[in-house]
Amino acid sequence: MKLFYKRALVFVILLFLSALGIDLIISNHLQQSTHRIYLTWNEMSSKTFDYDAVVFGSSEVWVGCNPRIVSDSIELKTYDCALDGSNFTRILGKYKYYEAFNQDPKVIVIVPTLYFLNGTRNYEKEQFFPLIYNLKFRKNVLPCCPLSWSEKYIPLYRYIGYTREVRRGLGLQSIDCSYPLVDGYLAQPRKYNASEYGHSKSFTFYKKNEVVESFKLFIQHLSDKKIQIIFAYPPLLSNTYHKITNVDEMYALYQGIADEYSIPILDYMKDDMTLDKNYFYNDFHLNKKGSIIWSQKLGHDIKQLLK
Amino acid sequence: MLTNSITFLFFFLICFIIYWLLLKRSTYKNIFLLVANSVFYCFFDWQLLLLLLGSGTVIYYLGKQIHINEDSDSKRTLYFWLGLLFSLGQLIYFKYTNFFIDSFVDFSSILGIKVNFSTIKILVPLGVSYYTFKQVSYLIDINQETYDPSSDTLYTYLTYITFFPTLLCGPIDRPNAFLPQLRENRSFDYNQIVRGFQQIVWGLFKKMVIADNLGNYIDTIWTHYTEQHASTLVIVAILYVFQLYTDFSGYSDMAIGVGRMLGLKVADNFNFPLFSLNIADFWRRWHISLTSWVTDYVFTPLSFVWRKKGKIGLIVAIILDFLIVGFWHGANWQYLVYGLFHGLLFVPLIFLPNGMKHREIKTYRFGMPHLVDILRILFTFAIVAISFIIFRAPNLMDAYHYFISMFSSTLFETPIFMDKYLGNQTLFFIAVLLIVEIYWKKTHFLKIPFDSVVLRYLFNIVFILCVVLFSGEIAHPIYALF
């Protein structure tokens, strides 16, 4: 039995070291890639990253706010720091990562949506896999975007089932860059497709109390740092807006926070552009054409506020 | 809790440590195994565990009664038939009731008679096909006096029928081979444990890296098979042979490997079936524990009864044999047709001189098989691939349409390899499988070149890493459905 223990131990050590080596190769390769899910993380931690205004939000911002157009209007270099498929908890993780590597921006635009204060979900969590060896990421982002113990400490474990990432990381598959990001923004040159959300009869604003509390602390934190905060409700198709069962509750909540910290609110939920489906690719998201219009309006309105 | 899951890994690790470190006597080991089997089954359904243990207890006592009354033919026969009725009755009830109701209604409507039967909701106990066959073989062996149950205790018998590695997908162990092992004292055998571990790794590789990846691709094509080129359908039919083989044999290897690590020899289930020379050879190598079961308990008695009818008797016995094999897979007409198809494939072999006789592949220099044998292997593979269309199809009509679609004008179009579902690495791993199997077929299963410890480490590490890196979406083993 002693022989078994000895050899089993040697085997486990060798297996661990081999897994660690391959994990480092995959993670390193993925981290250097320009694929959309890794790019913003890489950009934020690079030394050349230097922005004065940052827009935080979910997919509505990611595909809706062209930061270059906003930059031109407000004359501040702007970055789209949205996180697709995410609510505030994960977005907070992204902010903390930003904060860990960069100086504070002058302006932060927060784009709250129906599901912004809902509980977390780990959508596209593979974007965090290559960052696991980055201590600042572990310290700042992981508490907001939880990975399991095994994913954090057992090499390669987190890549199980993510064959595409493994193949990309090992150079067996090219990393698809057909959707290039521009300062964190992803243009969607698509036409409206009702089937994505169109069949839903109603939408509800959700909130979780602990997330609301966390959001308030975040605002307090930004306020303490004297960062100019702006809330901006994104445009959503007019028909969709009328399907929201408790929109007043949403307005009341954000208005309350805005009043407390003297935050201006820009509301595009009932903007004229929401009447035209040509600006949207689904009920909640602007297409490229719509994003140009909204970015121009947003830039213009922010400029007025900053005067 | 599937054998290819992380939960199982921890479950087995705990079992392994307790089994070898804390329990010395075989009695304690058996009782512990029974508890482990029960815990394993509870992960699926604790209520059905009571049914499994209850039915096992009934068969155990009926088996004892058959043995005690060996001098009284009438009593022995009574207990034997009671046991048979009970074990097969539960299999028929759980698995086939709705099939019979459906078929009766369909048949009546064909005759123009309207009947008001509807199917009933029945929860099928997991592994019922496997443990029922174990129970039946226990009863038959005792009745034929080829097995002596006098040393069996209730818990050893229950450990046998519920043995967790084989509970979901077999292999179907025979009482003669398995139960005596539970009576013996098991000592820690380093070589067996290493061999068992290697077999688990190999099984995991087959199941998770090849079968599960192929499954994604094959399922997608099957869902839209009417829109596919004939060439794609042919490729999918070929790949399905690999999927079914690696899925089932991979799971069997894991079960045998786990058994080996617990010091128990589990029945073999596969013997390189991809290199079969004809259909008889294929069935000697494919799902061995089921085919040998049906051969021993159905075919042999039938061919003995019909021995005077010559080749006709033999043909009828074989076809009946394969109808049972087919029907064992599920309550569905397509499985019956699948069985019938294979039974009929034996007919030409019966009339050929030495057609049914087992022989090894003829090889020439460098171990290369004779050209005729290569053609035979390819021909057998093609027949098996066609039969598996019946097996894989949702129903008989789809099987027929799929088969017809394979011969359309698009046969020479470029087949669709959906990289999203079937990475090129899967084809590479199929090649690895074939090379390794050719080597093992020439030497022996799980042999490592030069018997080197370093190469054994390397083998296990490389294949574990392949499992981690390239496993497809974890899917239930196909044979767990039966």
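Residues numbered from 1 in each chain as written. Chains lettered and ligands numbered in written order. Predicted model: local features only at pLDDT ≥ 70, side-chain atom pairs only at ≥ 80, totals over all residues. Heavy atoms only, no water.

Colleague: Any chance you could explain the side chain of arginine 158 of chain A here in plain terms?
Modeller: Residues and elements named next belong to chain A. Mapped onto the elements, arginine 158 comes out in the loop between α7 (149-153) and α8 (163-169). A polar side-chain atom of arginine 158 sits 3.3 Å from a polar atom in the side chain of serine 27. Ignoring any residue separated from it by four or fewer positions in sequence, one finds arginine 158 in contact with Asp23, Ser27, Phe129, Ile132, Tyr133 and Glu151. (Helix = DSSP H or I, 4+ residues; strand = E, 2+ residues; numbered from the N terminus. Polar contact = N/O pair within 3.5 Å; in protein donor to acceptor, adjacent residues only side chain to side chain. Contact = heavy atoms within 4.5 Å.)

Colleague: Please explain the environment of leucine 305 of chain A as it appears in this structure.
Modeller: Residue and element names in this part refer to chain A. For leucine 305, the location among the structural elements is in helix α12 (residues 288-306). Separated by 41 residues in the primary sequence, leucine 305 and proline 264 have C-alpha atoms spaced 7.9 Å apart. With residues up to four places along the chain from it excluded, the contact list for leucine 305 reads Ile230, Pro264 and Leu266.

Colleague: Can you help me understand the interface of chain A and chain B in this one?
Modeller: For interface size, the figure often reported is the accessible area lost on association. Listed per partner, the contact involves 24 residues of chain A and 22 residues of chain B. Of the roughly 2100 Å² buried between chain A and chain B, counting both surfaces, carbon and sulfur atoms make up 76%. Linking chain A with chain B are 0 salt bridges, by the criterion used here. At the boundary of chain A and chain B, one finds 4 residue pairs in polar contact (both at pLDDT 80 or more). (Buried area = accessible area lost by both parts, 1.4 Å probe. Salt bridge = Lys/Arg side-chain N within 4 Å of Asp/Glu carboxyl O.)

Colleague: What's the story with the nonpolar core in this structure? I'm lost.
Modeller: Nonpolar side chains in soluble globular proteins tend to end up buried together. Phe215 of chain A together with Tyr479 of chain B are the most contacted members of the largest nonpolar core, which totals 222 residues. Looking at this core, the element that brings in the most residues is helix α9 (residues 190-223) of chain B, giving 16 residues. With near-sequence residues (within four places) excluded, tyrosine 479 of chain B lies in contact with Tyr130, Leu168, Cys169, Leu244, Asp247, Phe248, Trp286, His287, Trp328, His329 and Phe391 of chain B. Trp62, Val63, Val107 and Leu237 of chain A belong to the second largest nonpolar core, which has 29 residues in total. (Core = buried A, V, L, I, M, F, W, Y, C linked by side-chain atoms within 4.5 Å. Buried < 20%, exposed > 50% of the residue type's maximum accessible area, 1.4 Å probe, protein only.)

Colleague: Sorry if this is basic, but what is going on with a nonpolar patch on the surface here?
Modeller: A cluster of nonpolar side chains, namely Met1 and Tyr5 of chain A together with Ile6, Leu9, Phe10, Leu13, Ile17, Leu21 and Leu22 of chain B, defines an oily patch on the protein surface of about 850 Å² accessible area. Broken down by element, the nonpolar patch gets its largest block of residues, 7 residues, from helix α1 (residues 6-22) of chain B. Relative to the helices and strands, phenylalanine 10 of chain B is located in helix α1. A residue is classified by how much of its surface remains accessible, and phenylalanine 10 of chain B, at 49% relative accessible area, is partly exposed. (Patch = residues over 30% accessible without salt bridge, like charges linked within 9 Å, V, L, I, M, F, W, Y side chains within 5 Å. Areas by Shrake-Rupley, 256 points an atom, 1.4 Å probe, with all protein chains shown as cover.)

Colleague: What is the right way to read the packing of α9 of chain B against helix α18 (residues 453-470) of chain B from this model?
Modeller: Packed helices, taken two at a time, are described by the angle between their axes plus the distance between the axes. Residues and elements named next belong to chain B. Contact geometry of α9 with α18 gives a least axis separation of 9 Å together with a crossing angle of 30°. With respect to α18, the axis of α9 lies roughly parallel. Two packed elements cross with a definite hand, and for α9 against α18 that hand is left-handed. Contacts between α9 and α18 involve Val194, Phe197, Gln198, Val201, Trp202, Leu204, Phe205, Met208, Val209 and Asn213 from the first element and Arg456, Phe459, Asn460, Phe463, Ile464, Cys466, Val467 and Phe470 from the second. The class makeup of the residues in the contact of α9 with α18 is 14 nonpolar, 3 polar and 1 charged. (Axes fitted to C-alpha atoms, helices over the stretch in contact; angles between N-to-C directions. Parallel < 35°, antiparallel > 145°, perpendicular 65-115°, else oblique. Left-handed = near helix turned anticlockwise from the far one by under 90°. Nonpolar A, V, L, I, M, F, W, Y, C, P; charged D, E, K, R; others polar.)

Colleague: Help me understand the pattern of salt bridges, please; the structure alone is not making it clear to me.
Modeller: Side chains that differ in charge, positive against negative, can pair when their charged atoms come close. Evaluation of the coordinates by the stated rule reveals 27 salt bridges over all chains. With a shortest N-O distance of 2.8 Å, arginine 158 of chain A and aspartate 23 of chain A are connected by a salt bridge. With arginine 158 of chain A in the loop between α7 and α8 and aspartate 23 of chain A in helix α1 (residues 2-31), this pair connects stretches of sequence that are 135 residues apart. Relative accessible area serves as the criterion here: at 2%, arginine 158 of chain A is assigned to the buried category. As a salt-bridge pair, arginine 76 of chain B and glutamate 145 of chain B come within 2.7 Å of each other at their nearest N and O atoms. Of this pair, arginine 76 of chain B sits in helix α4 (residues 73-110) while glutamate 145 of chain B is found in the loop between α5 (128-143) and α6 (154-162), placing the two residues 69 residues apart along the sequence.

Colleague: How should the pairing of strand β4 (residues 228-233) of chain A be read in this particular structure?
Modeller: One face of the sheet, then the other: side chains in a regular strand alternate in exactly this way. Residues and elements named next belong to chain A. Extensive coverage of β4 is indicated by the burial of 5 of its 6 residues. Of the strand pairs in this sheet, strand β3 (residues 107-111) and β4 are connected by 4 bridges, and their pairing is parallel. Across the sheet, the residue bridging to isoleucine 110 is phenylalanine 231, located in β4. Looking at chain direction, β4 and strand β5 (residues 265-267) are connected through 3 bridges and run parallel. Opposite tyrosine 233, over in β5, you have aspartate 267 as the bridge partner. (Pairing = 2+ DSSP bridges.)

Colleague: Sorry, what's going on with the packing of α9 of chain B against helix α17 (residues 424-442) of chain B here?
Modeller: Residue and element names in this part refer to chain B. With their axes 10 Å apart at the nearest point, α9 and α17 run at an angle of 145° to one another. In the crossing of α9 with α17, the sense of the turn from one axis to the other is left-handed. The residues of α17 that touch α9, namely those facing Gln198, Trp202, Phe205, Lys206, Val209, Ile210, Asn213 and Leu214, are Thr426, Phe429, Ile430, Val432, Leu433, Val436, Glu437 and Trp440. Residue classes in the contact of α9 with α17 are distributed as 11 nonpolar, 3 polar and 2 charged.

Colleague: For this particular structure, what's the right way to read the packing of aromatic side chains?
Modeller: Two descriptors summarise a pair of aromatic rings, namely the distance from one centre to the other and the angle between the planes of the rings. A complete count under the given rule lists 102 aromatic pairs over all chains for this structure. Judged by centre distance (5.5 Å) and plane angle (75°), the rings of tryptophan 41 of chain A and phenylalanine 128 of chain A are edge-to-face. Highlighted residues: tryptophan 41 of chain A in helix α2 (residues 36-45) and phenylalanine 128 of chain A in the loop between β3 and α6 (135-140), separated in sequence by 87 residues. Exposure remark for phenylalanine 128 of chain A: the relative accessible area of 0% places this residue in the buried category. A ring pair is formed by tyrosine 338 of chain B and phenylalanine 388 of chain B, whose centres lie 6.3 Å apart and whose planes are at 35°; its orientation type is tilted. Here tyrosine 338 of chain B, found in helix α14 (residues 333-351), pairs with phenylalanine 388 of chain B, found in helix α15 (residues 371-392); they are 50 residues apart in sequence, far enough to count as distant. Judged by relative accessible area, which is 1%, tyrosine 338 of chain B ranks as buried. We classify phenylalanine 388 of chain B as buried; its relative accessible area is 1%. Cation over ring: lysine 94 of chain A sits above tryptophan 41 of chain A, and NZ or CZ is 5.5 Å from the ring centre. (Phe/Tyr/Trp six-rings, centres within 6.5 Å; stacked < 30°, edge-to-face > 60°. Lys NZ or Arg CZ within 6 Å of the ring centre and 35° of its normal.)

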